[in-house]
Amino acid sequence: MPVELHNSTRISRRFAELRDSGEMGIVAYITAGDPSFSATLRFVVAMAEAGVDVIELGVPFSDPLADGPTIQRASERALKNGATLSRVIALVREIRKANSPVNEVPIVLFSYYNPVFQMGLEKFAAAASAAGADGVLITDLTPEESEDYRRIMAAHHLDTVFLGAPTSTDERLEKIAECSSGFLYLISRTGVTGAKDVLPDDLPALLRRARNVTQLPIAVGFGISLPGHVSVLGGLADAAVVGSALVSEIEKATARNSGEAGIDVAVAALADRIHSLKAAARSGLSRREVVT
């Protein structure tokens, strides 16, 4: 059954703005703490100033099963640098203090369930909300096991984003959509994260099936890395999620020099990536007819 959109969070307001302007959204994922938390702050600010619509901050985890090698390596580097869930939440608080457009960019905490469970749902939700987070995506929490989680997140005004996949049946997609708020995240293909050259042929059919069960905005991730991907998705989805391609830019820029010089290069590379992706989201096939 369709779910009514609401405008109570930064996430839903941002998607409403995108809809009203006929524009596709860009959701950017990076791993918090890679190569440092001070660097992550600079990366987030740079992407916000470049026009990103939503930031996903990955909480480093020791066994990231859904992530490909690029994000796995980023998690390893961040954990070696002392990354914890508490420090990621503290980073959100610092981001909200920045004097830049990042103050209003929605932030989703992207995590596996174990760190959240260890902290405690109530403590996590209260801390994340107070810091300025807007939503949470737990990759390995199923809708059937999420009732307490969703109730507590909602009580603290945090959207709960769930993942739909090509293997999800129509009934399963409907259940996932019912448990989601803010937006529905569709995985474009089976397997783990990672940049690809070509989008799957069956992706349009998956998007049509998802549209039949929800009015939530739909974001597509896994394998999205190029402006051309954004253009192809423009007539189908509401946002493109880009992760591994951005994490790879950070890795390349800081592999030999994780000091200020390397971070400067990474900042510039991320801003360039977001500029090019956002340009594709604002033109060509990505433009939508605005209903007045």
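The structure contained in this document is the topic of the report that follows. Please read these numbers as outputs of a predicted model, since none were measured by experiment.

### Section: the pattern of salt bridges
Tallied over the entire structure, the rule returns 21 salt bridges. Across the pair Arg 282 and Glu 23 runs a salt bridge whose closest N-O atoms are separated by 3.4 Å. Placement of the pair is Arg 282 in the segment after helix H12 (260-281) and Glu 23 in the loop between helix H1 (10-21) and strand E1 (25-31), with a sequence separation of 259 residues. Arg 282 gets classed as partly exposed once you look at its relative accessible area, which sits at 42%. Judged by relative accessible area, Glu 23 falls into the buried class, the value being 12%. In this structure, Arg 77 engages Asp 34 in a salt bridge whose closest nitrogen and oxygen atoms are separated by 2.8 Å. One end of the pair, Arg 77, is in helix H3 (residues 69-80); the other, Asp 34, is in the loop between E1 and helix H2 (37-50), and 43 residues separate them in sequence. Given the relative accessible area of 23%, Arg 77 is considered partly exposed.

### A look at unusual backbone geometry
Omega for the bond connecting Asp 34 with Pro 35 falls within 30 degrees of zero, at 0°, which places this linkage in the cis form. Structurally, Pro 35 can be placed in the loop between E1 and H2. Of note in the backbone geometry, His 157 takes a positive phi value of approximately 60° without being a glycine. Here His 157 lies in the loop between helix H7 (147-155) and strand E5 (159-161). For His 157, a relative accessible area of 62% corresponds to the exposed category.

### As for the sheet that holds strand E7 (residues 184-187)
Read from one edge to the other, the open sheet built from nine strands follows the order E5-E4-E3-E2-E1-E9-E8-E7-E6, with strand pairing classed as parallel. Here the strands that pair on one side only, and so sit at the sheet edges, are E5 and strand E6 (163-164). Here strand E4 (residues 135-138) pairs with E5 via three bridges, running parallel. Across the sheet, the residue bridging to Val 136 is Thr 160, located in E5. The sheet contacts of H1 involve E1, strand E2 (54-58), strand E3 (107-111), E4, E5 and strand E9 (239-242), and relative to E5 the element is tilted by about 70°.

Scoring rules and cut-offs
Residues numbered from 1 in each chain as written. Predicted model: local features only at pLDDT ≥ 70, side-chain atom pairs only at ≥ 80, totals over all residues. Heavy atoms only, no water. Salt bridge = Lys/Arg side-chain N within 4 Å of Asp/Glu carboxyl O. Helix = DSSP H or I, 4+ residues; strand = E, 2+ residues; numbered from the N terminus. Buried < 20%, exposed > 50% of the residue type's maximum accessible area, 1.4 Å probe, protein only. Pairing = 2+ DSSP bridges. Contact = heavy atoms within 4.5 Å. Axes fitted to C-alpha atoms, helices over the stretch in contact; angles between N-to-C directions.

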